[in-house]
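# Observations on the three-dimensional arrangement
Residue-level listing of the chains:
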Amino acid sequence: MTLVDLRSDTVTRPTPAMREAMARAEVGDDVFGDDPTVLALQARMAALTGKEAALFMPSGTQSNLCAMLAHCERGDEYIVGQLAHTYRYEGGGAAVLGSIQPQPLSQDARGQMDLADIAAAIKPDDPHFARSRLLCLENTWNGRVMPHQYLAEATALARRHGLSCHLDGARVFNAAVADAGPDAAIGDVFAALARITAYFDSVSVCFSKGLGAPVGSMLCGSAALIARAMRVRKMVGGGMRQVGLLAAAADHALDHHVERMREDHGLAASLAEGLAGIAGLKVRSVDTNIVFVDVADGRGPDLLAHLKAQGILATGLIGLRFVTHLDVDAEGIRRTVAAVREFFAAGAPVAATGRAAGPY
Ligand SMILES: *Cc1c(COP(=O)(O)O)cnc(C)c1O
């Protein structure tokens, strides 16, 4: 029985063609700045996001951390969603390592903070307050695409008050693919990406999620910001050596795995459609490759166990999360819908407790 792993789009394994690209990669010592494959990927990502410079990172968490520490000084604060990755899911890194205070705000179902709340949270220059320095947004957020109007208004508001803007774009390629529409060619997707990143001073992009590379993220921004981020990256142990092996995988993904994200979005839509008619659960949202489902009567953990017994993996507790990616196909989605249907038809007993899982 093939495993259908819907826990996250991080679970993809490099394809044979990606492994070949990695094996062929020219490498050097990137801490000395002479890994040609890394330098080429950094230049490519800077161009794609419309920024002066870019820096290859081992993870999205480190990329966001380096961005926050490059934007902010000790005693500054960043305004961020209560459920944003840069606040909730990064071990408090900005506070722990940068003495940067988060100012979390509640978000609506699309992940948007109210503009009036943002305005009210920006502090005047007064020694009582931390210095409001940075606005962090996330796109996609829980698989939801942020509307351009919101991106434009929120970042303009921040700028009027002298704040910089950072985008946690771990899944920004999913947003670009969705923005570009169903018939878009790769150039159209790249253009959609640039329209999103144009609102921001810095953007962090993951290669290890829907793009299907094994490791790696990229922080893009001004040359001055990237120079500061490079100091932080070294400080937190992210200076890597012959890392062109990984940059080659990311470069391969940019050539071959961007347009195909549409297939992931299509499979997520068909999963949502298949689940929509089943009594006992409610599909919350699906814009891109993530389907959230609310399960009634505390039966989420039992449903997860039922799926697991059939070789289908997902995460969650009350709200279950199913993520489509490169290594999931239509047959896997068909099996998932059938297994969920079977669970509710059988009327399995009400359960038990479990542990909440975050958006990894
Ligand atoms: C996965 C993710 C990250 C962090 O990526 P890692 O490489 O796992 O550290 C950051 N932000 C968002 C929104 C993510 O989904």
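Just so it is clear, the structure is predicted and the values come from calculations on it, not from any experiment. (Residues numbered from 1 in each chain as written. Predicted model: local features only at pLDDT ≥ 70, side-chain atom pairs only at ≥ 80, totals over all residues. Heavy atoms only, no water.)

## So, the site of the ligand
Lining the immediate environment of the ligand, one finds 13 residues, of which Gly60, Thr61, His85, Asp168 and Lys209 sit closest. One of the backbone nitrogen or oxygen atoms of Gly60 is found 2.8 Å away from an oxygen atom of the ligand. The side chain of Lys209 places a nitrogen or oxygen atom 2.5 Å from an oxygen atom of the ligand. Here the ligand loses 86% of its free accessible area of 380 Å² to cover by the protein chains. If you tally residues by element for the shell around the ligand, the top one is helix H3 (residues 60-71), at three residues. In the shell around the ligand, the residues fall into three nonpolar, five polar and five charged. (Near = heavy atom within 4 Å. Polar contact = N/O pair within 3.5 Å; in protein donor to acceptor, adjacent residues only side chain to side chain. Areas by Shrake-Rupley, 256 points an atom, 1.4 Å probe, with all protein chains shown as cover. Helix = DSSP H or I, 4+ residues; strand = E, 2+ residues; numbered from the N terminus. Nonpolar A, V, L, I, M, F, W, Y, C, P; charged D, E, K, R; others polar.)

## Here we look at the sheet that holds strand S5 (residues 131-138)
Read across the sheet, seven strands follow the order S2-S8-S7-S6-S5-S3-S4 without closing on themselves; strand pairing throughout is mixed. The open sheet has two edge strands, strand S2 (53-57) and strand S4 (101-105), and neither has a second partner. On average, each strand axis in the sheet is tilted by 20° relative to the strand beside it, whichever way the strands run. As defined by bridge partners, strand S7 (residues 202-206) adjoins strand S8 (residues 217-221) across four bridges and the pair is classed as antiparallel. (Pairing = 2+ DSSP bridges. Axes fitted to C-alpha atoms, helices over the stretch in contact; angles between N-to-C directions.)

## Topic: the packing of helix H2 (residues 36-49) against helix H11 (residues 244-256)
The interhelical angle for the contact between H2 and H11, taken along N-to-C directions, is 40°, at an axis separation of 8 Å. Seen from above, H2 lies across H11 with left-handed handedness. In this structure, H2 contributes Thr37, Val38, Leu41, Arg44, Met45 and Leu48 to the contact, and H11 contributes Gly244, Ala247, Ala248, Ala250, Asp251, Leu254 and Asp255. Residues that form the contact of H2 with H11 fall into these classes: eight nonpolar, two polar and three charged. (Left-handed = near helix turned anticlockwise from the far one by under 90°. Contact = heavy atoms within 4.5 Å.)

## Focus: the UniProt feature "domain: Aromatic amino acid beta-eliminating lyase/threonine aldolase" (unreviewed entry) in the protein chain
Sites flagged by UniProt as "domain: Aromatic amino acid beta-eliminating lyase/threonine aldolase" (unreviewed entry) map to residues 5-297. Across residues 5-297, helical content stands at 44% and strand content at 18%; the span's end C-alpha atoms are separated by 25 Å. (UniProt positions renumbered as here; feature names shortened; annotations may be inferred.)

## As for unusual backbone geometry
Following Asn139, the chain continues into Thr140 via a peptide bond in cis, with omega recorded as 0°. Residues other than glycine seldom take positive phi values, yet Asn142 does so here, at roughly 50°. Counting through the fold element by element, Asn142 comes out in the loop between S5 and helix H7 (148-160). Phi at Asp297 is positive, roughly 60°, even though this residue is not glycine.

## Points about the domain arrangement of the protein chain
Domain boundaries in the protein chain define domain 1 (14-256) and domain 2 (260-346). Domain 1 and domain 2 are separated by 29 Å when their C-alpha centres are compared. Each partner contributes residues to the interface: domain 1 has 20 residues there, and domain 2 has twelve residues. Surface buried jointly by domain 1 and domain 2 totals about 1,400 Å² across both partners, of which 55% is contributed by carbon and sulfur atoms. On inspection of domain 1 and its partner domain 2, the count reaches seven residue pairs in polar contact (both at pLDDT 80 or more). If you tally residues by element for the side of domain 1 that touches domain 2, the top one is helix H8 (residues 172-180), at four residues. (Domains from an automatic or database assignment. Buried area = accessible area lost by both parts, 1.4 Å probe.)

## What to know about the pairing of S7
Burial analysis of S7 places five of its five residues in the buried class, which makes it a mostly covered element. The side-chain alternation of S7 yields two buried faces, one formed by Ser202, Ser204 and Cys206 and the other by Val203 and Val205. Across four bridges, strand S6 (residues 164-169) lies against S7 in parallel orientation. By the bridge assignment for S7, Leu167 is matched with Val203. (Buried < 20%, exposed > 50% of the residue type's maximum accessible area, 1.4 Å probe, protein only.)

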